[in-house]
Amino acid sequence: MVRAKISFHGYCQWANLNAKNKHGKTPLCAAAALGYDDIASLLIERGADLDVRDQEGRTAIYYAAQTRNLALMKLLYQAGADIYLTHEIDPSLVRMVLLQSPPILTC
């Protein structure tokens, strides 16, 4: 279990960064789905697992691709997210977004 000390409005608490909700979604997946890049960045910095899948097989980079959030896709990729993990319904979404976009995944 990856735990990090999170400070929120002056309160500090230890949190499991890879905890899943009833749909199997982690905080990183939720941040990616909602476009909260700053929260996603903090979770990545604190050691959240980048490739955890929800109940439908989606990862954080999949959610970023679904909303065409290229900045977050780049952040996840540079942090080590696997762009080759596939989702059962739409196995090539991440790669399709990358192919249709300007080159963002350069070192």
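Residues numbered from 1 in each chain as written. Predicted model: local features only at pLDDT ≥ 70, side-chain atom pairs only at ≥ 80, totals over all residues. Heavy atoms only, no water.

Enquirer: Before we go on, may I ask you to explain the overall build of the chain in this structure?
Expert: A tally of helices and strands in the chain yields 5 helices and 2 strands. Expressed as a percentage of its 107 residues, the buried residues of the chain come to 36%. Nonlocal contacts in the chain, meaning residues at least 24 apart in sequence, comprise 57% of its contacts between residues at least 6 apart. (Helix = DSSP H or I, 4+ residues; strand = E, 2+ residues; numbered from the N terminus. Buried < 20%, exposed > 50% of the residue type's maximum accessible area, 1.4 Å probe, protein only. Contact = heavy atoms within 4.5 Å.)

Enquirer: What's the story with helix 2 (residues 37–45) in this structure? I'm lost.
Expert: Along an α-helix, residues three or four positions apart point the same way, because every turn accommodates 3.6 residues. Buried residues of helix 2: Ala40, Leu43 and Ile44, and no others. Buried positions in helix 2, seen along its axis, are confined to an arc of 100 degrees and lie on one side of it. The exposed residues of helix 2 that point more than 90 degrees off its buried face are Asp38 and Glu45. Against helix 1 (27–34) and helix 4 (70–79) lie the buried residues of helix 2. (Arc of directions from axis to C-beta.)

Enquirer: How should I be thinking about unusual backbone geometry in this particular structure?
Expert: Most peptide bonds take the trans form, and the phi angle of most residues other than glycine is negative. Here Arg68, not a glycine, exhibits a phi torsion of approximately 55 degrees, which is positive. Note on placement: Arg68 falls in the loop between helix 3 (60–66) and helix 4. Judged by its relative accessible area of 43%, Arg68 falls in the partly exposed class.

Enquirer: Hey, could you run me through the side chain of Arg58 in this one?
Expert: Residue placement: Arg58 occurs in the loop between helix 2 and helix 3. In this structure Arg58 comes out as buried when scored by relative accessible area, which is 17%. Side-chain polar atoms of Arg58 contact the side chain of Glu56, separated by 3.4 Å. For Arg58, the side chain forms a polar contact with the side chain of Tyr63, separated by 3.0 Å. (Polar contact = N/O pair within 3.5 Å; in protein donor to acceptor, adjacent residues only side chain to side chain.)

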